[in-house]
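# Summary of the model geometry
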Amino acid sequence: TKRKEVILMNYEKLMEEQILNSKEGSSLLLHACCAPCSSAVLERLASHFKISIFFFFLNITEEKEYQKRLDELRKFISRLNFKYQRSRKRKRTG
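Figured I'd write up the structure that's included with this text. Just so it is clear, the structure is predicted and the values come from calculations on it, not from any experiment. (Residues numbered from 1 in each chain as written. Predicted model: local features only at pLDDT ≥ 70, side-chain atom pairs only at ≥ 80, totals over all residues. Heavy atoms only, no water.)

## As for the overall build of the chain
For clarity, the cut-off: Working definition: helices are DSSP H or I runs of at least four residues, strands are E runs of at least two. Numbering for both runs from the N terminus. Three labels apply to residues, based on accessible area from a 1.4 Å probe with only protein chains included: buried if under 20% of the type maximum, exposed if over 50%, partly exposed otherwise in between. It only takes one pair of heavy atoms within 4.5 Å for two residues to be counted as in contact. Only the protein chains shown count as cover for residues, with accessible areas throughout obtained via the Shrake-Rupley method and a probe of 1.4 Å.
Of regular secondary structure, the chain possesses 3 helices and 2 strands. Reading the secondary structure of the chain in the N-to-C direction produces α-β-α-β-α. Within the chain, buried positions represent 24% of all 94 residues. Sequence separation of 24 or more characterises 60% of the internal contacts of the chain that already satisfy a separation of 6 or more. A total of about 8000 Å² of accessible surface is found on the chain, and carbon and sulfur atoms cover 53% of it.

Printed below as a string of structure tokens:
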């Protein structure tokens, strides 16, 4: 029988390496579908990058749910202390 090789990745270590190898204030595009999913990432990276947040979740079909998730993400972002500020652009497609 063949044995499958398991490769373990330390994503925390990889992220630290990326941060250390990036120029301070570099731009970063972050996909977000809601506040809970993106909160830890935003808190961790807000002091290192100029973050542009791309809010998109194809499975949200109801306008009410879309708006609820977007509003919660905006509330969370408004409480974060971003070192580098970005302009706000809004566009709903679909």
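Still more ground to cover, so stick around.
## Looking at helix H2 (residues 35-45)
The periodicity of an α-helix, 3.6 residues per turn, causes residues three or four places apart in sequence to face the same way. Quick reminder of the rule: To be clear, the arc concerns the directions from the helix axis to the C-beta atoms.
Three or more residues of H2 are buried, namely Ala 35, Ser 38, Ser 39, Leu 42 and Leu 45. Down the axis of H2, the sector holding all buried residues measures 160°, keeping them to one side. The outward face of H2, more than 90 degrees from its buried face, is lined by the exposed residues Pro 36, Cys 37, Ala 40 and Glu 43.

## A look at the packing of H2 against helix H3 (residues 63-79)
Quick reminder of the rule: Axis definition: a line fit to C-alpha positions, over the contact stretch in the case of helices; interaxial angles, taken between N-to-C directions, run 0 to 180 degrees. When an angle is under 35 degrees it counts as roughly parallel; over 145 it counts as roughly antiparallel; between 65 and 115 it counts as roughly perpendicular; any other value is oblique. Here is the rule for handedness: rotate from the far helix to the near one, and if that takes an anticlockwise turn smaller than a right angle the crossing is left-handed, while a clockwise turn gives right-handed. Each residue is assigned to one class: nonpolar for Ala, Val, Leu, Ile, Met, Phe, Trp, Tyr, Cys and Pro, charged for Asp, Glu, Lys and Arg, and polar for all the others, Gly among them.
Running from N to C, H2 and H3 point in directions that differ by 20°, and their axes come no closer than 10 Å. Between H2 and H3, the interaxial angle falls into the category roughly parallel. Here H2 runs over H3; the crossing is right-handed. Judged by residue contacts, Ala 35, Ser 38, Ser 39, Leu 42 and Glu 43 of H2 engage Glu 72, Leu 73, Phe 76 and Ile 77 from H3. Of the residues belonging to the contact of H2 with H3, the class tally is 5 nonpolar, 2 polar and 2 charged.

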